[in-house]
Amino acid sequence: MNIFKKFLFAISMIVCMTSCSDDNKIYDSVRVVVESSSNEQIILYGIPDYDSDIKISGQYETTFNTDADFVCIRAKCYDMNTSITIKVWVNGELKDEATGIKWVYTEHIPLK
């Protein structure tokens, strides 16, 4: 009887561990477009799959899938005459648009 209990416990643990696996994650599609009024260098922060910031000029567009709870995109330009616009779509729906000079950022956009 004791072996049966151990076997039943082992089976229940395996079932519990497989039901809690990360295979059931929900991924959101996020599209980011950054536009500027000049070709001055802009530094982007908050784009996944990059170990550090991204340096761009002019216009930049990327789409990525993420299982994060939120996304926040930031852009920085040292030129005071360069206007920056950031647009963020989540699953095809425009969620935020931010425009400014020097330091521009979106709100924390919830994904879940």
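All values derive from a computational prediction rather than experimental measurement.

A. Just the pattern of salt bridges, in detail. Enumeration according to the criterion identifies four salt bridges in this entry. Salt-bridge contacts for Asp 67 lead to Lys 25; the nearest nitrogen and oxygen are separated by 3.0 Å. Highlighted residues: Asp 67 in the loop between β4 (60–66) and β5 (70–71) and Lys 25 in the loop between α1 (2–19) and β1 (28–36), separated in sequence by 42 residues. Residue classification places Lys 25 among the partly exposed positions, given a relative accessible area of 38%. Among the salt bridges present, the one from Lys 55 reaches Asp 53, with a minimum N-O distance of 3.6 Å.

B. Examining the packing of aromatic side chains more closely. Applying the stated rule across the entire model yields one aromatic pair. Here the aromatic rings of Tyr 45 and Trp 103 are separated by 5.9 Å at their centres, their planes lie at 55 degrees, and the arrangement is tilted. Taken as a pair, Tyr 45 in strand β2 (residues 41–45) and Trp 103 in strand β9 (residues 103–105) lie far apart in primary sequence, 58 residues in all. Overall, the relative accessible area of 23% leaves Tyr 45 in the partly exposed class. It is Arg 31 that lies over the ring of Trp 89; its NZ or CZ is 4.3 Å from the centre.

C. Fine view of the sheet that holds strand β6 (residues 74–76). As summarised here, the arrangement of the four strands in space is β3-β2-β6-β9, forming an open sheet in which the pairing is antiparallel. With partners counted over all chains shown, the strands left at the sheet margins are β3 (54–57) and β9, one partner each. Put simply, the sheet's adjacent strands are angled 25 degrees from each other on average, direction ignored. Pairing geometry for β6 and β9, over three bridges, is antiparallel. Looking across to β9, one finds that Lys 76 is bridged to Trp 103.

Cut-offs applied
- Residues numbered from 1 in each chain as written.
- Predicted model: local features only at pLDDT ≥ 70, side-chain atom pairs only at ≥ 80, totals over all residues.
- Heavy atoms only, no water.
- Salt bridge = Lys/Arg side-chain N within 4 Å of Asp/Glu carboxyl O.
- Helix = DSSP H or I, 4+ residues; strand = E, 2+ residues; numbered from the N terminus.
- Buried < 20%, exposed > 50% of the residue type's maximum accessible area, 1.4 Å probe, protein only.
- Phe/Tyr/Trp six-rings, centres within 6.5 Å; stacked < 30°, edge-to-face > 60°.
- Lys NZ or Arg CZ within 6 Å of the ring centre and 35° of its normal.
- Pairing = 2+ DSSP bridges.
- Axes fitted to C-alpha atoms, helices over the stretch in contact; angles between N-to-C directions.

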